[in-house]
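Summary of the model geometry
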Amino acid sequence: MIKIISNSFVGLCLFLLSVSAVAQPNIPQLTRIDESDANIRLDGFVDEAVWENIPVVDGMKVIDPDTLADAPYETHVRMFYTERGIYVGVINHQPPGTLVARMTSRDVRLARDGFVVGIDASGDGLYGYFLRINLGDSMTDASLLPERTLNMQWDGSWNGRTQALEAGWSVEYFIPWSMMPLPQVEDTRQIGIYLERQVGHLGGEAWSNPALPNTVNQYLSAFEKYELRDIESRRQLTFYPFASTVVDSIRSDTEIKVGSEVFWRPTTNTLLAATLNPDFGNVESDDVVVNLSAFETFFPEKRSFFLEGQDIFNTSPRTSGRGGPGGPISLLNTRRIGGQALLSVPDDVDVVATDLSRPTELLGAIKLTGQSGNWRYGTLLASEDDTEIRGTLDDGSRVRLQAQGRDFTIARVLYEDTSAGGRRSIGWMGTNISHTDIDASVNAVDMHYFSANNKWVIDGQVMHSDVDGVTGAGFLGDLSYRPERGIQHGISATYIDDTLDINDLGFLSRNDQVNLDYRFFKNESDVPGLRSRSTSVFITNRWNTAGQPVMTGLFLNREYTSLDSNNIRFQMQYFPKRIDDRLGRGTGDFRVPGRWGFNVNVGTDQAKSLAYTGRISFGHDELGPEQVNGQAGIVWRPNDRFSVDLNLNYTDREALLVHKGSGSYTSFESHQWSPKLEMNYFITAKQQIRFSGQWTALKAFEDRFWQVDPTSREFLRPVPNPDSTPDDFVISRLTFQARYRWEIAPLSDLFVVYTRGSNLPSNGFDTFSDLLERSWNEKIVDTIAIKLRYRFGS
């Protein structure tokens, strides 16, 4: 059961309530027009009569590079709102022949001509949205938390169109109120608006109003405030019915599903969402990863139901992976919901690997998020169906293995105050999993502070877990200080004991850690002959709770961006000797010698029709021998509708260390190729054909043999070959996807997707070209999916 908020938490909230308010300055009013009088045809031409009487906003300043100089071209922005939403019309002036349009998939960030409207829906810098449309109508959007935390997985129901003109280009937006939560007010409310323009032929130079470069702390809270009146709190009901069919040629099976997602806003600041017979199958594939470490790989959420309204469950900047190596630390990783079933397979039963790892069906899920004054809240409930997997006994007979589904409960409360300038907030979050084999609860209190002078940002979180009676605790603390524009200092502190366990529903790469990290960043935009120059220093100091260093290091970076937007980055790394306490899975710790590393990254202007990237990296494996990694990429865009992106990655390691059990290790000479190819063709901006393929192949040849001494933490001891059977192995995994997508309307799509995948046995030592051919032919995944999802409602 989820525990109730402690008395100390209530006391802190009462303290925040006592903070005195300060007077709000006069803010401009946004023009209001009745929807029936607007008569906007959203086609990108800002030519309707209603625009003629709307005041023009410009005032753009250059923010990338962050010179804050006046923009060289005029940008005429007009905005008004109706009872349905906000309309924005923009005319971007620039010289003829300089337009750069590049059609891409949604949320691809690329240097080209584009325009951004940022919305602070709270009016107090607490939550908002980042909405970008590029010339050619490709869209990028994200939900936004203070100050600059973007959730790029979120997609909104806004719409926009662009048009090329003789002396520039134009864009029209429609942003519906139904897309965003709005605080309950009596009559007058305020929202924040941010305007940004990117110019492709200037190497992706960016201008904005207000001027908010990445080198300052403020972003969401500094959006220009506008006053609005007469937005009624209407009940808004939206349905997303879907129908899907999946033909699986491997299992000779066809699955048909029909269901719906329902989103209801009884008020402007409350959202109730539910799924009926949910289909959480993805039409996107995860990256192919070879992970031989003791740490789990994190994969982001891609399912729309869990992304909508999810920002309330974000409790720390570590959730997005900030704070250094190790990946995110998150109380809620929704990929656990509907993930691999909790199934114990007997030793005498063989199960197809893809059957064991496939997602679990959900019976249903429901989510409630809302706001009342300074309080925001959210809860998420989900229940999995039972799972049945077919297996084979040693004698060839078939059996059925069954696993019970899990029940998930998540609750969140957050108090936020901005009345005295800056921002202060405190929150609580609890999660629980109920299952016959596990009962796991996690509770956490998080605190956040942003100073009124915009220089200090402090985030903290205290966590407690209880998994089947075993309890654990942890603390996260992050501090950021910007004494002036372009300079930032950061400190991250972590204490997590060896029994904290949040991974049943959250994500934590390791417990048992005591860390203190320091970051320094400096950006310079006034260097002669350069667009910008940046310098960064990162010092990591990470120990386990027994007092041994498990990761310490010094990283020095210097990056140069030329006036023609080419860049080169150098990095020096030094890792002092440390203890490895994870690779052996509890069979004994061992020392790792000190190591050096160096890498160089180069890239050309991505706005060009032909762009290149490259990287060369030199380092050392855990035992000391060298490892070399090289990467080369090329992107070809002969026109705005077609692109080919090829990336090749090669790694050569002299001592790839693999634990073989009982404290025994083998070091391998290994060679790994990881090519990735993507080809896109856009019939229109809303109809896309995409072919994507990713293959990774590793061949490892045994070299030396080692044994850990469990009684002392020393270097691994070399030992003779324990047997005559070679430990050589091969990993070859391939994923290919051909996809047609038609965006019929905002958040309404038709997908036709063919997916093919393979995972070859580890004993096939062919050439790399033969491995690629076998990976294509010896498939273990071969499906065709058709899915139609359409949005109805307000």
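Coordinates for the structure precede this section.
These numbers were taken from a predicted model, which means no experiment stands behind them. Within each chain, residues carry numbers counting from 1 in the order of the written sequence. Two thresholds apply to this predicted model, a pLDDT of at least 70 for residue-level local features and 80 or more for giving and counting side-chain atom pairs, whereas whole-chain, interface and lining totals are computed over all residues. The side-chain figures draw on all heavy atoms in the structure; neither hydrogens nor water molecules are used.

Some points on empty space enclosed by the protein
Which entries qualify depends on this criterion: Think of a 1 Å grid over the protein atoms and nothing else: a 1.4 Å probe that fits but is trapped marks a cavity, an open set flanked by protein within 12 Å on at least five of seven lines marks a pocket, and residues with an atom within 4 Å of a point count as lining. Grid points are joined across faces, edges and corners, and a volume is the space filled by probe spheres set on the points. A run of H or I in DSSP becomes a helix once it reaches four residues, and a run of E becomes a strand once it reaches two; helices and strands are each numbered from the N terminus. Classification convention: Asp, Glu, Lys, Arg as charged; Ala, Val, Leu, Ile, Met, Phe, Trp, Tyr, Cys, Pro as nonpolar; all other residues, Gly among them, as polar.
In this structure the tally under the stated criterion is five cavities of 30 Å³ or more. Empty space within the second largest cavity amounts to approximately 280 Å³. In this structure, the second largest cavity is lined by 22 residues; those nearest its centre are Tyr-129, Pro-181, Gly-309, Thr-369 and Arg-376. Elements with a contribution of two residues or more to the lining of the second largest cavity: β6 (128-134), β16 (270-276), β18 (362-372) and β19 (375-384). Within the lining of the second largest cavity, the residues separate by chemical class into nine nonpolar, nine polar and four charged.

Details of the packing of aromatic side chains
Which entries qualify depends on this criterion: Ring pairs shown here join Phe, Tyr and Trp side chains whose ring centres sit within 6.5 Å, with only the six-membered ring taken for Trp; geometry is labelled stacked below 30 degrees between planes, edge-to-face above 60, and tilted in between. Charge over a ring is defined by NZ of Lys or CZ of Arg lying within 6 Å of the ring centre and within 35 degrees of the ring normal.
What the rule picks out here adds up to 24 aromatic pairs. Grouped by ring-pair contacts, the aromatic residues Trp-51, Phe-80, Tyr-87 and Phe-174 constitute a single cluster. Over the ring of Phe-768 we find Lys-699, and its NZ or CZ is 4.5 Å from the ring centre. For Arg-756, the ring lying beneath its charged end belongs to Trp-776, and the centroid distance is 4.1 Å.

Description of the pairing of β6
We count it as follows: Categorising residues by exposure relies on relative accessible area from a 1.4 Å probe, with only protein chains included: less than 20% of the type maximum marks a residue as buried, more than 50% marks it as exposed, and the intermediate range marks it as partly exposed. Here, strands pair whenever DSSP counts at least two bridges between them.
Across the seven residues that make up β6, a large majority, seven, are buried. In terms of strand pairing, strand β5 (residues 114-120) meets β6 through six bridges, oriented antiparallel. Along β6, the bridge assignment pairs Val-116 with Arg-132. The sheet contact formed by β6 and strand β7 (residues 139-145) spans six bridges and is antiparallel. Looking at the pairing, Tyr-129 lines up with Ser-143 of β7. Where β6 hands over to β7, the hairpin turn is made up of four residues, of which Gly-136 adopts a positive phi near 110 degrees.

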